[in-house]
Every structure is written in structure tokens, then in C-alpha cells.
Amino acid sequence: MTLEEATRLLAAAGIEAPRAEARLLLAHALDIGRDATLTAIPTPQQGAVLAALVTRRAAHEPFAYIVGRKEFWSLAFRVGPGVLIPRPDTETLIEEALRLVPDKSAPLCIADLGTGSGALLVAALREFPNALGIGFESSPEAFEFARTNAASLVGARAEIRAGDWNGAQGPFDLIFSNPPYIPTADIESLAPEVCRHEPRAALDGGPDGLDAYRGLADLLPKILKPGGHAVLEIGIGQAFAMELLFRKLEIVRIAADLAGIPRCLVLRNP
Ligand SMILES: C[S@@+](CC[C@H](N)C(=O)[O-])C[C@H]1O[C@@H](n2cnc3c(N)ncnc32)[C@H](O)[C@@H]1O
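Bear in mind that the values here come from a model prediction, so they are computed numbers and not experimental data.

Here the focus is helix α7 (residues 140-153). Residues separated by three or four positions in an α-helix point in the same direction, a consequence of the helix having 3.6 residues per turn. With 14 residues, α7 should reach 20 Å at 1.5 Å per residue; the first-to-last C-alpha distance of 20 Å fits that figure. What α7 keeps buried is the set A142, F143, F145, A146, N149, A150 and L153. Buried residues of α7, viewed axially, fall in a sector of 165°; they line one side. Elements in contact with the buried residues of α7: β2 (75-78), α6 (119-127), β4 (132-137) and β5 (158-162).

With that settled, the discussion passes to the site of the ligand. The immediate surroundings of the ligand are formed by 21 residues, with G114, G116, S138, N178 and A202 found nearest. In the shell around the ligand, the residues fall into 11 nonpolar, eight polar and two charged.

In this section: the environment of P262. Within the secondary structure layout, P262 lies in strand β9 (residues 262-268). C-alpha of P262 to C-alpha of M242: the two residues are 20 residues apart in sequence and 12 Å apart in space. Residues within four places of P262 in sequence aside, it is in contact with I234, A239, I254 and A256.

Looking now at the sheet that holds strand β8 (residues 250-256). Pairing is mixed across the open sheet formed by seven strands, whose spatial order is β5-β4-β3-β6-β7-β9-β8. Of all the strands in the sheet, the pair left with one neighbour each is β5 and β8. For this sheet, the mean angle separating the axes of adjacent strands, direction not counted, is 15°. By the bridge criterion, four bridges tie strand β3 (residues 109-113) to strand β6 (residues 172-177) in an arrangement that is parallel. Looking across to β6, one finds that D112 is bridged to F176. Its contacts with the sheet put α6 on β3, β4, β5 and β6, and the angle it makes with β3 is roughly 160°. Sitting on the sheet, helix α10 (residues 211-223) is in contact with β6, β7 (224-233) and β9, with an inclination near 145° to β7.

On to the environment of R253, then. Along the polypeptide, R253 turns up in strand β8. Spatially, the C-alpha atoms of R253 and L267 are 7.4 Å apart, while their sequence positions differ by 14 residues.

Running from N to C, helix α2 (residues 18-30) and helix α3 (residues 44-58) cross one another at 135°; their axes reach a closest spacing of 9 Å. Here α3 runs oblique to α2, going by the angle between their axes. Where α2 crosses over α3, the handedness of that crossing is right-handed. Note on element contacts: α3 touches α2 through Q46, V49, L50, L53, V54 and R57, opposite E21, L25, L26, H28, A29 and L30. Residues that form the contact of α2 with α3 fall into these classes: eight nonpolar, two polar and two charged.

Scoring rules and cut-offs
Residues numbered from 1 in each chain as written. Predicted model: local features only at pLDDT ≥ 70, side-chain atom pairs only at ≥ 80, totals over all residues. Helix = DSSP H or I, 4+ residues; strand = E, 2+ residues; numbered from the N terminus. Expected span 1.5 Å × (residues − 1). Buried ≥ 20, exposed ≤ 12 C-beta atoms within 10 Å, placed from the backbone. Arc of directions from axis to C-beta. Contact = placed C-beta atoms within 7 Å. Near = placed C-beta within 6 Å. Nonpolar A, V, L, I, M, F, W, Y, C, P; charged D, E, K, R; others polar. Pairing = 2+ DSSP bridges. Axes fitted to C-alpha atoms, helices over the stretch in contact; angles between N-to-C directions. Parallel < 35°, antiparallel > 145°, perpendicular 65-115°, else oblique. Left-handed = near helix turned anticlockwise from the far one by under 90°.

Take a look at the structure:
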């Protein structure tokens, strides 16, 4: 398969930027830089490898699953089927944590509830070099990705625990969570990359999208240190519900993401 054939196939499948993605897949297949793809002529074997990648992408499998990695907070995370691909919007939570704790040498005890690829926990531990952290993850597939990422990016400072985050025992100084928050009925209308390929358990927040927050409202006051903070991702239109849910904690602020959407709820245990 050539670059032109790959582009045509991706365009026919409705991929938004077919030429750019075809070049990136060719670069991955040939293990070359993106610039070199304009002059590269794949051998028949390389063409077959490219064809296999293009077939997966034409079925709307996320690009990050196909190449097996995704950048978050300028760190390369291993990802694949079974784990949520970390999103740039989620970096807002790390920015907020840095505002809350300006002293980067603080010996924090950090938790990440529903750690997925480990993105939030690992990024936080890289920013706070004296901190230790635990990531809780109920999906066995995601747990394996988190373990691999944590081991290679922060070593023994992160522990990844398999199981429900309700098993967490504090006290923690800082808790992150990007819980599943899509209302069940909305999942099918998401992009095919998301609704057909990313794990349901990472998306489905129940009938109104708020099921996980109800559980967290109960759990967080028990496992946060007095004066400790929780930094939670929220979905579009969910900010209004948070004041009612988190009655036992103080709402410090709700920060917007890069698109100006209220995305990050900052809570403090009084
Ligand atoms: C939206 S994903 C977030 C993943 C990652 N923190 C990120 O921001 O990219 C939510 C994650 O929470 C996990 N999860 C959902 N409910 C859980 C629970 N009760 N206990 C532990 N993990 C849970 C899911 O399997 C999924 O990996």
C-alpha cells in the first residue's frame, strides 16, 4: 500500500484528516520521521504493515491505540484497547494541583481514583518529586497499562492497586479523579472512536452521568486529610450539580479547560 492509497481509504472511511493520518501511520509502519514520509517508498512488506494499520484506522479505532502511545503532560504513556486515552483537557487537573501546592518539594501523599493509564498520578508525581502516590483501578486491562506506565515513568513512588476505589484508605493530601461521567444515553452519540472502542467502564456515569460523583461525595471526606484537596474532572453542564453533591467539602473553585468549559472541580476538606 502507498501513501496515496492509504489516504484514499481513510478519506472513504470518513476520517477527518486522511492525508495527515496516512502520513503518521506510514511513519509508524516504517519507523521514520513524518517529514520522510513524503519521499519514502514502502517495500511490499512495509506496504502490508501499513495496510493493516490503515484497516484498523478505517474502522475508527483510535490512532493512539494503533500506535500504542499517547502524550499527556509531555510524557509518553502506553495505551491500547481497554484503557481510556488520556485527554488534553484532563491536564487542567494537574495545572490546578500546581496552583494549590506551589511548593514542589512537598512530601505529598497522593491518590488517583480510577487511574486508567496512570496519566494523572504519574504527571503529578513527576511535578512533586518528593511525593508518593497510589492509583486505584477496577479494570484489569487498564490496571496493567497503569502499572507499566507508572513503573517506567516514576518507578517505586507510585503504587497501582487493582480494585474498587472504595477500598482506598487515607489520609491523602491530594486526590485526583477523572471518573466516568457520560450519561448512559449519550454514549452512542459520541464519536465512533470513543463509543465503539474506548472502555464503557471509563465512560458510563449512569442515567444522569453523576453516579460516580455521588460515591465520591461519600468517600472523599473519609480519606482526605483535614485541609487536603481533591481535584476532580467534571463533564459539560455538570458544574451546577456539584454544590448539592459535595456538601461535606468546601468548593474552592471550578476551573475551565482550554475551550473555556468548566472542567475541574477543586474541593477542600475543611
Ligand atoms: C474516565 S477514566 C479516567 C482514566 C484516567 N484517570 C484519565 O484521566 O485518563 C475512569 C477510570 O476509572 C475507572 N473506574 C471507574 N469506576 C471505578 C471504581 N469504582 N473503582 C476503581 N476504578 C474505577 C475506569 O475503569 C477508568 O479507567
